[in-house]
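Now for the letters of each chain:
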Amino acid sequence: NMIFPKYIKKGDAIGVTATSSGIVNELKQKRIKNAIKNFENRGYNVKVTDNVYTSDWRGCSSTGKERGEQFNELVKNKDVSCIFSVAGGDYLMEMLEYVDFESIKNNPKWFQGFSDNTTLIYPIVTKCDMAAVYGCHISDFGMKPWQKPVENALGVLEGTVKKQESFDFYESDRHEYVTGFEGYCNDEKVNWVNGRGEEKIEISGRLVGGCLDVLAFLIGTKYDGTEQFIEKYKDDGIVWVLESFNMEDVVLITHLWQMKEKGYFKNATGFVFGRPLMYNTWIEQPYKDAVMSVLGDLNVPIIFDSDIGHKGPQFSVIMGAKAKVTSKNGKGVLEYA
């Protein structure tokens, strides 16, 4: 059965590590230090690895080997019940060969991050058969005061929040920090879209997915356990939760086609797409149309513009968990079974 780490509780230690990029920007460091203080004020101990505030010329916090070893140390530390990634980035895959996946199975604990952290979350879920959280990095907890999405994110890890409702607004663009303590900007109204114009969509099943930009290069490697995962949980149905960071229409279509041809979607009960951060098309093809051109004939519901991924705030998605996703009148709900 799917391994579910224990929910975190006051007195536990929270690990913070840089699985991909490290943080050298002064305002961002200030924000992370405030996030750590916020956790300590709520009764948690925080253990920060050496690579959190370092970066090489490529933006990596340290070598793949060092990142793997620092992550493994947190995994093996009995006091740590949750590990947060400090950021996304580009080269998390360099640490995979050094990650002790057996140790992960033997020391169940939550790992949370998004974007490039799909590179670690996906094998944890599909190869280790253990739930992991696709959600905000530690820095979001550095805002003051905390907004509802951040309260929710902690609540999901503590086991007190089982239901997340779509937020009112989202950030349509990236914003530079002025103080380092900013909350989410209310740029645009959140509006979930049902792919075929359905009045209401309800999808149930086991959640799996992450950032498509990452899944594209994981496919077919030894870190890809999709086939066994979707076979093992076919009776639950598989809900694909996907978002893209920077894919133009051709790339998006090509990789969805590749996953479809590999049979990854055969047990799908539906798809939930987040808001893409950067999307380019030379033929004025809307994102939704690009996706529907590949997945439309699967005859399962497809939701777009959900609160998942790069345009925050975002839900905390427990990949590997059973859940129900509902979308109606532009509003959405994610509820764990």
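For the structure itself, look to the data block above.
So, how was this worked out
Residues numbered from 1 in each chain as written. Predicted model: local features only at pLDDT ≥ 70, side-chain atom pairs only at ≥ 80, totals over all residues. Heavy atoms only, no water. Helix = DSSP H or I, 4+ residues; strand = E, 2+ residues; numbered from the N terminus. Rg over C-alpha atoms; globule rule 2.2 N^0.38 Å. Contact = heavy atoms within 4.5 Å. Lys, Arg positive; Asp, Glu negative; His and termini not counted. Charge placed at Lys NZ, Arg CZ, Asp CG, Glu CD. Pairing = 2+ DSSP bridges. Axes fitted to C-alpha atoms, helices over the stretch in contact; angles between N-to-C directions. Parallel < 35°, antiparallel > 145°, perpendicular 65-115°, else oblique. Left-handed = near helix turned anticlockwise from the far one by under 90°. Nonpolar A, V, L, I, M, F, W, Y, C, P; charged D, E, K, R; others polar. Buried < 20%, exposed > 50% of the residue type's maximum accessible area, 1.4 Å probe, protein only. Phe/Tyr/Trp six-rings, centres within 6.5 Å; stacked < 30°, edge-to-face > 60°. Lys NZ or Arg CZ within 6 Å of the ring centre and 35° of its normal. Expected span 1.5 Å × (residues − 1). Arc of directions from axis to C-beta. Salt bridge = Lys/Arg side-chain N within 4 Å of Asp/Glu carboxyl O. Polar contact = N/O pair within 3.5 Å; in protein donor to acceptor, adjacent residues only side chain to side chain.

## A few points about the overall build of the protein chain
Stage number 1. Check the secondary structure of the protein chain and you find 9 helices and 16 strands.
Stage number 2. For the protein chain, the C-alpha radius of gyration of 19 Å lies close to 20 Å, the compact-globule estimate for 337 residues.
Stage number 3. With respect to the three principal axes, the spread of C-alpha positions in the protein chain is 50 × 40 × 40 Å.
Stage number 4. The long-range share in the protein chain, meaning contacts at least 24 apart out of those at least 6 apart in sequence, stands at 80%.
Stage number 5. Distance between charge centroids for the protein chain: 6 Å, based on 40 positive and 46 negative side chains.

## Examining the sheet that holds strand 2 (residues 45-48)
Stage number 1. Read across the open sheet, the 6 strands follow the order 2-1-3-4-5-14; overall the sheet is mixed. In this open sheet, the two edge strands, each paired with only one partner strand, are strand 2 and strand 14 (317-319). For this sheet, the mean angle separating the axes of adjacent strands, direction not counted, is 25 degrees.
Stage number 2. In this structure, strand 1 (residues 13-17) lies alongside strand 2, joined through 4 bridges in parallel fashion. Directly across from alanine 13, in strand 2, lies its bridge partner asparagine 45.

## Considering the packing of helix 8 (residues 249-261) against helix 9 (residues 287-295)
Stage number 1. For the pair helix 8 and helix 9, the least separation of the axes is 9 Å and the interaxial angle reads 25 degrees. Classed by the angle they form, the pair helix 8 and helix 9 counts as roughly parallel. Judged by the sense of rotation from one axis to the other, the crossing of helix 8 with helix 9 is right-handed. For the pair helix 8 and helix 9, the contacting residues are Asp249, Leu252, Ile253, Leu256, Trp257 and Lys260 in the first and Tyr287, Ala290, Val291, Ser293, Val294 and Leu295 in the second.
Stage number 2. Among the residues making up the contact of helix 8 with helix 9, the classes are represented as 9 nonpolar, 1 polar and 2 charged.

## Points about helix 5 (residues 148-158)
Stage number 1. Of all the 11 residues making up helix 5, 8 are buried; the element is thus mostly covered by neighbouring parts of the structure.
Stage number 2. Restricting attention to buried positions, one finds in helix 5 the residues Pro149, Val150, Asn152, Ala153, Leu154, Gly155, Val156 and Leu157.
Stage number 3. Among the structural elements, helix 1 (26-41), strand 3 (80-85), strand 4 (110-113), strand 5 (132-134), strand 6 (163-165) and strand 14 are those in contact with the buried residues of helix 5.
Stage number 4. After helix 5 finishes, the residue glycine 159 shows a positive phi value of roughly 85 degrees.

## Examining the sheet that holds strand 12 (residues 268-274)
The pairing of strands in a sheet happens through backbone hydrogen bonds and is either parallel or antiparallel.
Stage number 1. Spatial ordering of the open sheet is given by 6-16-15-10-11-12-13-9, a layout of 8 strands whose pairing is mixed. The outermost strands of the open sheet, each flanked by one partner alone, are strand 6 and strand 9 (193-194).
Stage number 2. With 3 bridges connecting them, strand 12 and strand 13 (residues 302-306) associate as parallel partners. Bridging across to strand 13, phenylalanine 271 finds its partner in isoleucine 302.
Stage number 3. Where helix 4 (residues 118-126) meets the sheet, its contacts fall on strand 10 (200-211) and strand 11 (238-243), and the angle it forms with strand 10 comes to roughly 110 degrees.

## Focus on the packing of aromatic side chains
Stage number 1. On inspection of all chains with the given rule, the structure shows 20 aromatic pairs.
Stage number 2. Aromatic side chains tyrosine 7 and tryptophan 110 sit 6.1 Å apart centroid to centroid with 20 degrees between the ring planes, which places their arrangement in the stacked category. With tyrosine 7 in the segment before strand 1 and tryptophan 110 in strand 4, this pair connects stretches of sequence that are 103 residues apart.
Stage number 3. An aromatic cluster of at least three residues, connected via ring pairs, comprises Trp240, Phe265, Phe271, Phe273, Tyr279, Tyr287 and Phe304.
Stage number 4. A cation over a ring is seen here: lysine 33 above tyrosine 53, with NZ or CZ 4.8 Å from the ring centre.
Stage number 5. The cationic tip of lysine 144 hangs over the ring face of phenylalanine 181; the distance from NZ or CZ to the ring centre is 4.1 Å.

## Remarks on helix 8
Stage number 1. A rise of 1.5 Å per residue sets the reference length of helix 8, with its 13 residues, at 18 Å; its end C-alpha atoms lie 18 Å apart and thus fit the reference within 8%.
Stage number 2. Every buried residue of helix 8 is accounted for by Asp249, Leu252, Leu256 and Met259. Considered in projection along helix 8, the buried side chains sweep an arc of 100 degrees and stay on one side of the axis. Exposed and oriented more than 90 degrees from the buried face of helix 8 are Trp257 and Glu261.
Stage number 3. Contact partners of the buried residues in helix 8: helix 6 (212-218), strand 11, strand 12 and helix 9.
Stage number 4. Remark: glycine 263 follows helix 8 within two positions and exhibits a positive phi of approximately 85 degrees.

## Describing the side chain of lysine 311
Stage number 1. Residue placement: lysine 311 occurs in the loop between strand 13 and strand 14.
Stage number 2. Buried within the structure, lysine 311 lacks any salt-bridge partner; its nearest side chain of opposite charge belongs to aspartate 173, at an N-O separation of 7.3 Å.
Stage number 3. At a separation of 3.3 Å, a polar atom in the side chain of lysine 311 contacts the main-chain carbonyl oxygen of proline 276.
Stage number 4. Setting aside residues up to four positions removed in sequence, lysine 311 forms contacts with Tyr170, Glu171, Ser172, Arg275, Pro276 and Leu277.

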